[in-house]
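The chain contents come next:
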Amino acid sequence: MRIILLVTTAMMIMALPVQAQSVYSIQHKDQVREDYEIHIDFPNFDGLINKNLEQEVNKGIKKELEKMMSEVKRAGEESVGIPVLYYGESSVVEDKEFISVILTSNITKGDFYESSVRSINFENEEDGIFLKLEDVVHMDKLNKEVEKKLAKDPETFNLQAFQEVRKDTAYYIQDGKLTLVFDKYEIASGVYGTPEITVPYQHVKKDKPLHKKSIPVPKNV
């Protein structure tokens, strides 16, 4: 009976799905002073195929955060009696080999609230490269798709204020759809936070640029 039980247990364990190991971990940074507070969650990549690319990705994330932290510290020094609060949030979206890091900055000062979003997008491949929005879509087609979306929901979105999609607008690709993440107040009132617009990727897709240089894979010595 015991032998049968052991065999059954082993078969059940073997039947369990194998979970893919994450290519990143979430790290935290807090800094509290009298005139400002900084609280940040951000990803640190440690499992990408191309280690040179991995190094550049982590460097890019830290550069974005350091830039914002510097602005917060400066605003805190210039503020009189009202501390500046900064909360940095992040999310990672994986779509096969394509990875997007979405960095959201939330700044509060008294009754002033502001949120902005940036993304770092790249391929997790041996010859993986960074890809800006204009590298993966035809911007003219994308603008038309976004205008259609805004026009369909005038109670939420402000079509008159929209001119065109910024080239540095945050984005991610998932399940055949491209999603843009806009800054607070950019296309809608503040109550909607950082609104997202999703369009079929196939409608705006652009072939990967041939002029882009991949980050070389380090050679084994």
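Residues numbered from 1 in each chain as written. Predicted model: local features only at pLDDT ≥ 70, side-chain atom pairs only at ≥ 80, totals over all residues. Heavy atoms only, no water.

Draft legend 1. View of the overall build of the protein chain. Within the protein chain, the regular secondary structure consists of five helices and eight strands. Taking all 221 residues of the protein chain together, 38% fall into the buried category. (Helix = DSSP H or I, 4+ residues; strand = E, 2+ residues; numbered from the N terminus. Buried < 20%, exposed > 50% of the residue type's maximum accessible area, 1.4 Å probe, protein only.)

Draft legend 2. Representation of the sheet that holds strand 8 (residues 196-200) within the structure. Strand order in the open sheet made by the three strands is 6-7-8, with antiparallel pairing throughout. Among the strands making up the open sheet, the edge pair consists of strand 6 (170-174) and strand 8. Neighbouring strand axes in the sheet, compared pairwise and without regard to direction, differ in orientation by 20° on average. Packed on one face of the sheet, helix 4 (residues 139-152) meets strand 7 (177-181) and strand 8 and runs near 120° to strand 8. (Pairing = 2+ DSSP bridges. Axes fitted to C-alpha atoms, helices over the stretch in contact; angles between N-to-C directions. Contact = heavy atoms within 4.5 Å.)

Draft legend 3. Representation of the side chain of Thr-156. Looking at the secondary structure, you find Thr-156 in the loop between helix 4 and strand 6. Reaching out from Thr-156, the side chain makes a polar contact with the side chain of Asp-153 at a distance of 2.9 Å. Non-local contacts of Thr-156, meaning those with residues more than four positions away in its chain, are made with Ile-187, Ala-188, Ser-189 and Tyr-192. (Polar contact = N/O pair within 3.5 Å; in protein donor to acceptor, adjacent residues only side chain to side chain.)

Draft legend 4. Geometry of helix 4. Along its 14 residues, helix 4 runs 20 Å from first to last C-alpha, staying within 8% of the 20 Å computed at 1.5 Å per residue. Looking only at helix 4, the buried set comprises Met-139, Leu-142, Asn-143, Glu-145, Val-146 and Leu-150. Taken end-on, helix 4 shows its buried residues confined to a sector of 165°, consistent with a single buried face. In helix 4, those exposed residues whose orientation departs by more than 90 degrees from the buried face are Asp-140, Lys-144 and Lys-152. (Expected span 1.5 Å × (residues − 1). Arc of directions from axis to C-beta.)

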